[in-house]
Amino acid sequence: TELRTPETRADLSFQVNTGLALGAQSFEYFEYYDYDAASDSINGILSNGLYDQVQSINRELRAWDHIFLSFDWQGVKTYNTAAAYTNGVTELGSLQSITVSADQATLVGEYKYGNTEEYGYMITNFTEPSAETTDTVTLMMAANQSVLVYKNGTGRWMNADSDGKLTLALEAGGGAFVIPQ
């Protein structure tokens, strides 16, 4: 496996959103860094501006983690990507209450709320963030169905159209947690 150091906010978001789609419930950041005595500087996450980005992503997660953590992960479904990326992870044959189409590599983690029939979906743009590609994801569900969408730390209500279609644009590294009502 090739190791790659995160260089941008999109890289960090990609790691977090991929983790959420694959069932992660928490994240821990750890980095070795170099201290250069000659210049009295630190080389690493503190010096490259990513520390502030990590803090921003954490604030966004804390804004809705109480919602997300009330759901139990069921598995993941991949779209437009090789299954090797999710080797060893429960691959779902189909999703319970929605169908999905996407124009880029996409992961959809399915979550269930307790013993109810309420489902939530962590949808992640799984295209390499350096490609800077937006993923247009179309969800099909009941006509005019209300949907609660958490994206970038903010929850908002949306509605599927009269054909049951709801379209989301996920930026590079982006993701959204979607709860059909």
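A quick note: this is a predicted structure, and the numbers were derived from the prediction, not measured.

**Some details on the packing of helix α1 (residues 9–21) against helix α2 (residues 50–68)**
With their axes 10 Å apart at the nearest point, α1 and α2 run at an angle of 30° to one another. The pairing of α1 with α2 is recorded here as roughly parallel in orientation. Both α1 and α2 take part in a crossing whose hand is right-handed. Here R9, L12, S13, V16 and L20 of α1 lie close against α2, whose contacting residues are L50, Q53, V54, S56, I57, E60, L61, W64 and F68.

**Here's the deal with the environment of F14**
By the secondary structure assignment, F14 is in helix α1. The exposure class of F14 is buried, given its relative accessible area of 17%. F14 sits 114 residues away from E128 along the chain, and the two C-alpha atoms are 8.2 Å apart. Filtering out sequence-adjacent residues up to four positions away, F14 remains in contact with N125, F126, T127, P129 and G173.

**Remarks on the sheet that holds strand β7 (residues 135–140)**
Pairing within the open sheet is antiparallel, and its 3 strands lie in the order β4-β7-β10. Here the strands that pair on one side only, and so sit at the sheet edges, are β4 (99–102) and β10 (165–170). Strand-to-strand twist of the sheet, defined as the mean angle between neighbouring strand axes without regard to direction, takes the value 20°. As paired elements, β4 and β7 share 4 bridges and run antiparallel to each other.

**Here we look at the pattern of salt bridges**
Tallied over the full model, the rule gives 3 salt bridges. Among the ionic pairs, R9 bridges to E60, the shortest N-O distance being 2.6 Å. With a gap of 51 residues between them, R9 in helix α1 and E60 in helix α2 connect regions that are remote in the sequence. Measuring nitrogen to oxygen at the nearest pair gives 3.8 Å for the salt bridge that ties K112 to E117.

**Some words on unusual backbone geometry**
Glycine aside, negative phi is the norm for most residues, and most peptide bonds take the trans geometry. With phi around 60°, N144 is a residue other than glycine that occupies positive phi space. For N144, the location among the structural elements is in the loop between β7 and β8 (146–151). The backbone of N152 sits at a positive phi, close to 55°, despite the residue not being glycine. Mapped onto the elements, N152 comes out in the loop between β8 and β9 (154–159). Using a relative accessible area of 42% as the deciding quantity, one classes N152 as partly exposed.

**Structural notes on the pairing of strand β5 (residues 106–112)**
Within β5, 7 of the 7 residues are buried, which leaves the element mostly enclosed by the surrounding structure. Side chains T106, V108, E110 and K112 project from β5 onto one buried face, and the interleaved L107, G109 and Y111 project onto a second face that is buried too. Examined bridge by bridge, strand β3 (residues 72–79) and β5 share 7 bridges and lie antiparallel to one another. Each residue of the ladder has a partner; that of V76, found in β5, is G109.

Reading guide: rules and limits
Residues numbered from 1 in each chain as written. Predicted model: local features only at pLDDT ≥ 70, side-chain atom pairs only at ≥ 80, totals over all residues. Heavy atoms only, no water. Axes fitted to C-alpha atoms, helices over the stretch in contact; angles between N-to-C directions. Helix = DSSP H or I, 4+ residues; strand = E, 2+ residues; numbered from the N terminus. Parallel < 35°, antiparallel > 145°, perpendicular 65-115°, else oblique. Left-handed = near helix turned anticlockwise from the far one by under 90°. Contact = heavy atoms within 4.5 Å. Buried < 20%, exposed > 50% of the residue type's maximum accessible area, 1.4 Å probe, protein only. Pairing = 2+ DSSP bridges. Salt bridge = Lys/Arg side-chain N within 4 Å of Asp/Glu carboxyl O.

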